[in-house]
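Examination of the molecular architecture
Here is what each chain is made of, one letter per residue.
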Amino acid sequence: MANSDAFIDIRAVSKRFGSVTAVDGVDLAIRQGEFFSLLGASGCGKTTLLRMIAGFEMPTEGDILIDGQVMTDVPANRRPTNMVFQNYAIFPHLTVRDNIAYGLRKDGLPRADLDRKVDAALEMIKLSGYGARRSTELSGGQRQRVALARALIKRPKVLLLDEPLGALDKKLRETMQLELRQIQDEIGITFVFVTHDQEEALTMSCRVAVMAQGRVMQVATPRELYETPNSRAVASFIGTMNFFEATTKGIEGERLLLDAQGLGGIAAPVPGWQVNGKAVVAIRPEKLQLSLDRPQGEVSAAQGTILNSTYLGDRSHFHVRLDGVEAPIAVSAQNVERSMRDDLDDGTPVWLSWRDTAMVVLPG
Amino acid sequence: MTDHANTVSPAAGSFGRLRLAVTRSEALRGLTLMSPTLFVVVAAMAVPLMLMVAYSFWSQSYVTLDTSFTLKNYTDVVTRDIYHILFLRSVTISGIVTLVTVLLAYPMAYFVAFDVKKNKLLWLILLTLPFWTSYLLRVFSWKVILGYNGVINSGLMSMGVIAEPLQFLLYNPFSVIVTLAHAWAAFAILPIYVSLEKIDRTLLEAATDLGDGPVRRFFRITLPLSMPGVIAASLLIFIPTVGDYVTPSLVGGTGGVMIANIIQAQFSRANNWPLGSALAISTMLAVTAIACLSIWLAKRGTAAIR
Amino acid sequence: MSAQPQSRDTAARRWRGGYAVLYLAFLYVPILVLPVFSFNDSIFVSFPLKEFTTKWYAQLAGQPALFDALANSLKVAIFSAVFSTLLGIFAAKAMTRYRFPLQRPAFALVMLPLVIPEIILGLSLLIMVNRIGLSLSLYTVSIGHVLLCVPFAVAVLLSRFEGFDRSLEEASLDLGESAWMTFWRVTFPIVFPGIVSSLLLTFTISFDEFIIAFFLTGSETTLPVHIWSQLRFPQRLPSVLALGTLLLVASTLLIILAEWLRRRGIQPDKQPDM
Ligand SMILES: Nc1ncnc2c1ncn2[C@@H]1O[C@H](COP(=O)(O)OP(=O)(O)OP(=O)(O)O)[C@@H](O)[C@H]1O
Ligand SMILES: [Mg+2]
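The residue count restarts for each chain, going from 1 along the sequence in the order it is written. To read the labels, note that chains go from A and ligands from 1, taken in the order they are written. With pLDDT at 70 or above as the cut-off, local features in this predicted model cover only qualifying residues; side-chain atom pairs require 80 or more to be listed or tallied, and sums for whole chains, interfaces and linings still use all residues. To get the side-chain values, take all heavy atoms of the structure and skip hydrogens and water.

The way it works is that DSSP assigns letters per residue, a run of H or I at least four long becomes a helix, a run of E at least two long becomes a strand, and they are numbered from the N terminus. The secondary structure content of chain A amounts to 8 helices and 20 strands. When its C-alpha atoms are laid out on the principal axes, chain A stretches across 75 × 50 × 35 Å. Throughout, a contact is declared for two residues whenever any of their heavy atoms are within 4.5 Å. Residue pairs at least 24 apart in sequence account for 65% of intrachain contacts in chain A once pairs closer than 6 positions are excluded. Methods summary: accessible areas were calculated by the Shrake-Rupley approach with a probe of 1.4 Å, and residue burial reflects only the protein chains presented. Surface accessibility of chain A: about 17,300 Å² in total, with carbon and sulfur atoms responsible for 47%. Of the charged side chains in chain A, 42 are positive and 45 negative, and the gap between their average positions amounts to 7 Å. Positive charge is attributed to Lys and Arg, negative charge to Asp and Glu, and no charge count is given to His or to the chain ends. Charged groups are reduced to one reference atom each: NZ for lysine, CZ for arginine, CG for aspartic acid, CD for glutamic acid.

A word on the domain arrangement of chain B. The extent of an interface is frequently quoted as the accessible surface area lost upon association of the parts. Throughout the structure description, domain borders are defined by an automatic or database domain assignment. For chain B, the assigned domains read domain 1 (1-43) and domain 2 (75-305). Once you take the C-alpha centre of each, domain 1 of chain B and domain 2 of chain B turn out to be 47 Å apart.

If you look at the interface, chain B gives 86 residues, while chain C gives 86 residues. The term buried area refers to how much accessible surface (probe radius 1.4 Å) is lost by two components on association, counted for both of them together. Taking both partners together, chain B and chain C bury about 7,900 Å²; carbon and sulfur atoms supply 80% of that area. For the chain B face of the interface with chain C, the top three residues by lost area are M34(B), W132(B) and L137(B), together amounting to 9%. A pair is scored as a salt bridge if a Lys or Arg side-chain nitrogen falls within 4 Å of a carboxyl oxygen belonging to Asp or Glu. Counting across the chain B and chain C interface gives 3 salt bridges. Linking D208(C) and R138(B) is a salt bridge whose minimum nitrogen-to-oxygen distance equals 3.8 Å. Polar contacts, as counted here, are pairs of nitrogen or oxygen atoms within 3.5 Å of one another; within protein the pair requires one atom able to donate a hydrogen and one able to accept it, and residues that are adjacent in sequence qualify only if both atoms are side-chain atoms. Summed over the shared surface of chain B and chain C, the result is 7 residue pairs in polar contact (both at pLDDT 80 or more). It is helix 2 (residues 26-56) of chain B that contributes the most residues to the side of chain B that touches chain C, 22 residues altogether.

This paragraph deals with the sheet that holds strand 18 (residues 329-334) of chain A. Residues and elements named next belong to chain A. When DSSP finds two or more bridges between a pair of strands, those strands are recorded as paired. With antiparallel pairing, 5 strands are arranged side by side in an open sheet as 15-19-16-17-18. Strands with a single pairing partner mark the edges of an open sheet, and in this sheet they are strand 15 (289-291) and strand 18. Neighbouring strand axes in the sheet, compared pairwise and without regard to direction, differ in orientation by 45° on average. In this structure, strand 16 (residues 300-311) lies alongside strand 17 (residues 315-322), joined through 7 bridges in antiparallel fashion. The residue of strand 17 that forms the bridge with Y311 is S316. Lines fitted to C-alpha atoms define the axes here, with helix axes fitted over just the stretch in contact, and angles between the N-to-C directions of these axes take values from 0 to 180 degrees.

Residue and element names in this part refer to chain C. Two elements in contact, helix 5 (residues 118-132) and helix 6 (residues 138-162), have axes separated by 11 Å at closest approach and are oriented at 140°. Comparing the axis directions of helix 5 and helix 6 gives the class oblique. In the packing of helix 5 onto helix 6, the handedness of the crossing is right-handed. Taking contact as the criterion, the partners of E118, L121, L125 and V129 in helix 5 are, on helix 6, T140, I143, G144, L147 and L148. Roughly parallel means an angle under 35 degrees; roughly antiparallel, over 145; roughly perpendicular, 65 to 115; everything else is oblique. Here is the rule for handedness: rotate from the far helix to the near one, and if that takes an anticlockwise turn smaller than a right angle the crossing is left-handed, while a clockwise turn gives right-handed.

Moving on, we get to the confidence of the model for chain A. Should pLDDT be low for a region, the predicted coordinates there are not to be read in detail. Residue-level confidence of the predictor is what pLDDT reports, using numbers from 0 through 100. Per-residue pLDDT for chain A has a mean of 88; in total, 97% of the residues score no lower than 70. Within chain A, the element-level pLDDT minimum falls on strand 13 (residues 264-268) of chain A, averaging 83, and the maximum on strand 9 (residues 207-212) of chain A, averaging 95.

Another aspect to go through is the packing of helix 10 (residues 201-209) of chain B against helix 11 (residues 214-242) of chain B. All names here are of chain B. It is at 10 Å that the axes of helix 10 and helix 11 come closest, and there the two elements cross at 160°. As judged from the angle between their axes, helix 10 and helix 11 are roughly antiparallel. The hand of the helix 10/helix 11 crossing is right-handed. Counting all contacts with helix 10, which are made through L203, L204, A207 and T208, the residues of helix 11 involved are R217, I221, T222 and L225. Residues are grouped as follows: Ala, Val, Leu, Ile, Met, Phe, Trp, Tyr, Cys and Pro are nonpolar; Asp, Glu, Lys and Arg are charged; every other residue, Gly included, is polar. Residues that form the contact of helix 10 with helix 11 fall into these classes: 5 nonpolar, 2 polar and 1 charged.

If you check the backbone angles, Q213(A) has positive phi at about 50° while not being a glycine. By the element assignment, Q213(A) lies in the loop between strand 9 and strand 10 (215-220). On the basis of relative accessible area, Q213(A) is assigned to the exposed category, the value being 72%. For L102(C), which is not a glycine, the phi torsion comes out positive at approximately 60°. With respect to the helices, strands and loops of the structure, L102(C) is situated in the loop between helix 3 (64-97) and helix 4 (103-111). When accessible area is computed with a 1.4 Å probe and restricted to protein chains, residues below 20% of their type maximum are described as buried, those above 50% as exposed, and intermediate ones as partly exposed.

Bringing the sheet that holds strand 2 (residues 20-31) of chain A into the picture now. Residues and elements named next belong to chain A. The sheet built from 4 strands is open, its strands ordered 2-1-4-5 with antiparallel pairing. One side of each edge strand has no neighbouring strand; the edge strands of this open sheet are strand 2 and strand 5 (69-70). Where strand 1 (residues 6-17) lies against strand 2, 8 bridges are found, and the strand directions are antiparallel. What sits directly across from A6, in strand 2, is R31.

Before going further, it helps to spend a moment on the domain arrangement of chain A. All names here are of chain A. Split into domains, chain A comes out as domain 1 (8-236) and domain 2 (241-363). Put simply, the middle of domain 1 and the middle of domain 2, counted by C-alpha atoms, are 39 Å apart. In this complex, domain 1 contributes 9 residues to the contact, which on the side of domain 2 involves 10 residues. If you sort the residues of domain 1 by the area they bury against domain 2, Y226, R232 and A235 come out on top, with a joint share of 62%. Seen at the junction of domain 1 and domain 2, the total is 2 salt bridges. Linking domain 1 to domain 2 there are 4 residue pairs in polar contact (both at pLDDT 80 or more). Elements with a minimum of two residues in the side of domain 1 that touches domain 2: helix 7 (222-227) and helix 8 (232-237). Along the lines of polarity and charge, the residues of the side of domain 1 that touches domain 2 split into 4 nonpolar, 3 polar and 2 charged.

So, in structure tokens, the structure goes:
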């Protein structure tokens, strides 16, 4: 179980508040220099896990190691971590400069060195002229950057960020996502980033841990999460996914034979699957093709009717009804051709087709 | 996997473990922080009050205290008419004072909370400034104002409005009520102001939007939401004024003597501490009961308005 | 249709404005009696006013007992203010920062002196002091005053601590400060205005308190007890008025000073407390 490359090693950690289990037996190994995200719906325990790494909450069970050291008895102020708080927690009685310099008092630096360091930090967050400002006179984005500089100036081994972009508008959020990535690339310290925005997690992270109800469902790179989710919960949380209940029929070489509702008999390339009855076949909307005629070639196909369609400019979304499947099937198609006309009116009979590699088979 | 559970060094021993337990447990830290204050309150209030209860079951003849259990003090309190009269008078006067003070203060607090836009702080300071001056002197100045040769009488006489001094101004329940209503004004204004200020203004807009006029809106939204302030103000005035003996002594005359004067007399001139204790305890219990009952009624009342 | 309620609104507002002015008069006129008659050359407090004089003030200077009482009151008030504010800080922090069993009953107990008549607090303390065999002194008065002041201190400080964002302290710990330094560098400066309010309020309550002091005072009296003893002598009346005027001026200056101090500190919320 010991992970040789784990910089932050979270071992069987649980946290209970009275009868509420906020974090439930989490094992995680976060590597040095990684941009690691904790992703999950509201209330799934992300903040609690982050606060245990920072030292504000003690695990009810389990241990957290950072850089090989057990953190259990290390108080928050002695941990090699620094945090960017969700509401930024900028000290209202101090100027921007004093906020950033707050954590350096202990180092007893000469005045000139301290000033130089703070100036450099102000420059990094592009707030050079703002040092003397009252911190109450800052915009949301500026506060966020001050919180970041204040934490980073301590040169922590790990930077913890609790939904740092949640309070910003969409445009600013995208800019800050980029800046955060750049800063992380430059200084190369480990970032643990909490978010409930899956798009944010996918675009920024090296790896993502998907959490639900206090447990970690899957830890993987963004691409792996999207292409090969390991459970129905993860698959439906990340992007859109169509699910088809299925029963396993047997194995044919490298392929698994299934009978899926709405799809009929299919063969999916999943080696090592146990033939034990229930399974779910999952296909992403953009991996389904729509056509009026039955498609030719190396593809599987099923027939249905268009329920409705939405034009989105670069692509269109369709909902298709398949016999034997209750939920409508989502299909996304690039609008490759320039066309002023929709030839797929509601009620049109169509064919859905997909390659075998488009299918993911999940436990039922 | 290394054995990392054993991180408290053995040298730290049980003290280290104890410290760890204290720093780790929210509950213990909270209790530790609360304990000095709790200690003072227990030592300076709870224990003395229990002693007072004990005294009330003892008896005294001249200078010797007899510590054998007796109910005599309480039978005295219950059976002697003088105590009933004084108690009823105290409660009535304090009740009227509370009512008058709160009624007078409510529009004032309302004005500052809703009508004053710019100089709220200045108004609050102006309203509380008299409260920062000596209570004794505030009561005393009423005696000077209402007295037989006092400010009002001499003023009216020198203006020729009256020929003889008015007798009814001082040394009666009326003068006690006026004086107390003045002396305790700040205790009414501040809690009511705070609860009015807290009301979310969009609630009032919502009520108007749903068709309430200003009067209905006041009774259905503003008043119920400011009720906590009114209740706090009433308690803060009613309870201490029942126990006040300064005001009755200075401006009450014989008709304005209240229960506190009698209690005080038992501890000084009459030197019967057990009886004084029994009177004090019964007064406290009765006042608490009345206070609880009125809070309950006030809550029922506001619930009925809706 | 909208014009009429609008004008009714302004009319109501005018009425309330008028009422507010009358109310202020009710509050201030009795107090202004003190300065007016303190300069009046007559031992009777009545109209018409006589000559202007400052002799009552001069008379004050010749009363050593008064100055002793003033010094005693200052001592007691400073002790009570500092001590009860300290206890208030502990309690307010425990109430807002932690959750512990019996928290609400403990809080209720701390606030209880607020709703017990002062005469009962004073007399029960007198009984205890008597049982223990302590002699009455300024210390016994101070104990009573601390008890009386604690709920006020807690109430004032609680409103400050409640508006205090806990993540600020966590941010400080996170940046490497110890719990103690966090208190000095973050918590204290932010709740400082509340502490000033609390010190001021408790100082005034103690300085002004008569009922408890009357029972618990020994041979050294506090100022209110001294004033009480003077009220029995009609010929001392004008100098009591002069003294009252001086106290009035002093407390007004104190309030202005406190307000100035408070404005220099920052305010996390705009609501003025107290
Ligand atoms: N101090 C606490 N006391 C009691 N319960 C708590 C405490 N902190 C968190 N919880 C509970 O633990 C669970 C997880 O909370 P947590 O704050 O970790 O969620 P989260 O994933 O950060 O959610 P969000 O995205 O809304 O911030 C929730 O059910 C919450 O109610
Ligand atoms: Mg959270």
